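# Coordinate inspection notes
The primary structure of each chain is shown beneath.
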Amino acid sequence: MTSYDDHLAAVSALRNGTAVTPECVDDVSSAQQTLRELAEELRGPAAAAMPGPPTRWRSDAATAYAEALEEARGSVVVIARIMTEAECALGSCAVTLRARLDDLEAALAWRPSS
Amino acid sequence: MAAVVVSDDLVISGGGSTRVAVDELFADVGRLDTAEGLVRYASDRFGVARSKLDAVEHRATASGPLPWPGDDLRFGWFAFEVALGRLRLLRFRLVMAAELYGATERTVGALWDLGGAVGASVLGFLAPRAMAGAAVSLLPVALPAAAALGLARMAGSDPGPAVDAAVRRWLGEHRGVLNDPAFVRFVRTFADHADDFVLGALNVPAAPLVGSATEAPESASLILGVTGLLSAIGIGTGRTLVDGPVRVERVTSGPARDPAVAPSPSNAAVPPPRGFEDLADRVPRGDAQITVERHHVDGENRWLVYIAGTADFGLVAGSETNDMTSNVHGIADDSPLDALRLAGSTSAGAERGVRLALAEAGALPGDPIVAVGHSGGGVIAASLAADPGLNVVGGLNLGGPVASAQIPETCSFISVEHADDLVPATGGSGHPSCVVVVSRRVNEHGSDGDAVLPAHQFVEYGQTTALLDESDAPQLVAFREQLQEFTAGTVGEQTRWRAERVPDEEP
C-alpha cells in the first residue's frame, strides 16, 4: 500500500537524483550476467586449457613445475570464486533495486482517492 | 630374450628456433599460451564490467544500502593480475628451460665440432703410418687370405657372398656400438670433417682451419667428382657412384593392386591421410618405390608423394635407383659447389625417378606437393622441398640424412631422426634451418633383434610417427592441421611407380 508520504518521497528522490532508474537496474543485471559468464569460462575452458602435471619427467624440476602449475591453477580458481561471489552479491543488489524501482513506480502512480 | 625399452620422449628442435625440448614441454608452452589468452580475455571483460559498475555504484547505493561487492570487484582485478603473472612466469620458465637445453646442445655440438676437426686431422696424419705398420704385422694373415680369395676366383666361385656375410657378421657383433647415440654423434661429426682427415693424411699444415670450409655435402660432391673422373678415364667398374638415365613404370601388381583380385587400370581411391602415422604407412615397401596421391581441392590438383628408402647398399650403380649412388648425390646436391662438378651425373637417379613419376601421374609445375620419404627417400623429399622450381609446401623425412638440405621457410618440413640411428648422422650437422627435427631414442638399452641398425627400421619410425600424432607440441599440431587443409578431407587417387636406371643410350 502506498500513501501520500510515499508519493512525496518518490518525487523527492526523483528531484534529488537518488531514485532507482530502470537503466541502473539493467546495468547491474548486465554486469551480474557478465560475471557469471566469466566464472563459467574460468572454471571451464581456461581451467581445461591448463597443462596437467608432467607425467614423463621425474626430477626435482618436474616436481617444482608441478607445484607452480598447481599454484597457477589455484589462482585461476580463486578468480572464478571471486567472480561467483561478486555475481551473487550483484544478484541481491539487482533484486533489491528492482523492488525499490517497483515501489517507486507504485508511489509515483499514487492518486488521492476522491 | 631381454626386454627392449622403448622411450616415448620426443625431443624437438629447429624450426627456426634455438629452443630444444621434449615435446611435452613445447605442448605445455602452447597450453599455457592458450590459458593465458583465455584469462586475459576474461580480465579484459571484467575490466569493462567493473568500469560500468563503478559508474553505476553511486546511483545504485544512493537509493539505500545494498550488499555491493566493492571488495570483490577490487580484489578481482588483483586476482586476475596474480593469475596472469603466474601463467606468464611459468611459460617463461619453460621457454628458458628449452633455450637452456638448446644452448647446452649447441655447446656440446661446438665441442664435438672442434674435437672432430682436430681429431680428424690428427687421425688423418697418423692413419697412413698406422696402416703401414698394421699392414706389415697383418701380412701373415693377409697373405693367406688373399691367396685363398685368388684361388676361389680361379676356381670359378664368387667369394663376394662370403665376404658380405663376414661383414654382416662383424656389423651384427658390433651392433651395440653402431647404435650408441655417442657413436651416432661421432659419425655426424666425422661426416663434417672427412675432409680434415684427408688433409691430415696429406700432411697439409693447419688442416682443421682449411677443412672447416667444407662439410658433408662438399665431401659427397668431391667423392662423386673423383668417381666420375675415374669412370671417365676408364678406371674402376665405370658405374661406381656414377648415376645414369632413369625411366619409370606404373606398378599395378602387389597385394593391394593384384589384377587377379581387383582390376588394375583405374587408380586406387584412398582416404586422406589423417596424420604422421598415415603418411609413414603409405611409404611403399614392395615392388614400387614411389607412391603418388592426387587430391583435387578447390579446382587444383594437390599431390602427396611417398618415397621408399634405400634398397641397394652397393656402391656400383645398377638398375635399382634407390641405392647408395642416389644417396651420395642427394647429400652432394645440398652444396652449391656441386653444380660446378664437371664429372659424374648432375643429380640422383632416384630423385629424377620421383620427378618423372609425378609428371607421369599428371602433376604440373606449380602444383602443391607434400613429399614423404624414409631413409634415402627422405633425402629425396628434402631435395624436392629445396627446389625453388617446385611448389613443395610440406615434407616429412623418416631417418634420412637431410641436415644440409636448403629447405625454404615456406615449406613445413618435419625430420624424424632417431637418436640411436646412424643413418641421419651421415649427412653431418648441417646448418640452422626451418626444419623441425623430432628425435627419439628407440632402444634405451640396446636391441637384441637381428637388425644391424634397429633404430633405422621402418617399423620403428612408424611407431615414432604414432607418437607424433599423439603429441600436442605446437609444431606438430600445425603440421597435422596443414595436412588436413592440404587434402581438405578429399578422397585421393593413388598410383604406384617403379623407377630404374637404363643404359646411357636408352633414356
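Structure: see above.
What counts and what doesn't
- Residues numbered from 1 in each chain as written.
- Chains lettered and ligands numbered in written order.
- Predicted model: local features only at pLDDT ≥ 70, side-chain atom pairs only at ≥ 80, totals over all residues.
- Helix = DSSP H or I, 4+ residues; strand = E, 2+ residues; numbered from the N terminus.
- Buried ≥ 20, exposed ≤ 12 C-beta atoms within 10 Å, placed from the backbone.
- Contact = placed C-beta atoms within 7 Å.
- Nonpolar A, V, L, I, M, F, W, Y, C, P; charged D, E, K, R; others polar.
- Pairing = 2+ DSSP bridges.
- Right-handed = clockwise from strand over helix to strand, strands pointing away.

### Examining the overall build of chain A
Looking only at helices and strands, one finds 3 helices and 0 strands in chain A. In chain A, which comprises 114 residues, the proportion classed as buried is 31%. Sequence-distant contacts in chain A: of pairs separated by 6 or more residues, those separated by 24 or more amount to 83%.

### Side note on the overall build of chain B
Across its full length, chain B holds 14 helices and 11 strands. When each of the 507 residues of chain B is scored for burial, the buried share is 43%.

### Some remarks on the interface of chain A and chain B
Taken together, the contact pairs 39 residues of chain A with 38 residues of chain B. Listing elements by their share of the side of chain A that touches chain B, those giving two or more residues are helix 2 (22-49) and helix 3 (60-108) of chain A. Element by element, the count of residues in the side of chain A that touches chain B is highest for helix 3 of chain A, at 19 residues. A breakdown of the residues in the side of chain A that touches chain B according to their chemical character gives 27 nonpolar, 6 polar and 6 charged.

### Digging into the environment of A:Pro51
By the element assignment, A:Pro51 lies in the loop between helix 2 and helix 3. Apart from the residues lying within four places of it in its own chain, the contact partners of A:Pro51 are A:Leu69, B:Asp28, B:Arg31 and B:Leu32.

### A short note on the pairing of strand 8 (residues 391-398) of chain B
All names here are of chain B. Summarising burial for strand 8: 6 of the 8 residues are buried, a large majority. Relative to strand 8, strand 7 (residues 368-374) runs parallel, the two being bridged by 7 bridges. In the sheet register, Ala 371 faces strand 8, and the bridge partner there is Gly 395. The β-α-β motif built from strand 7, the intervening helix 11 (residues 376-386) and the parallel element strand 8 has right-handed crossover chirality. Direction of pairing for strand 8 relative to strand 9 (residues 412-418): parallel, over a ladder of 5 bridges. Across the sheet, Gly 394 pairs through a bridge with Ser 412, a residue of strand 9.

Just geometry here; none of it tells us what the structure is for.
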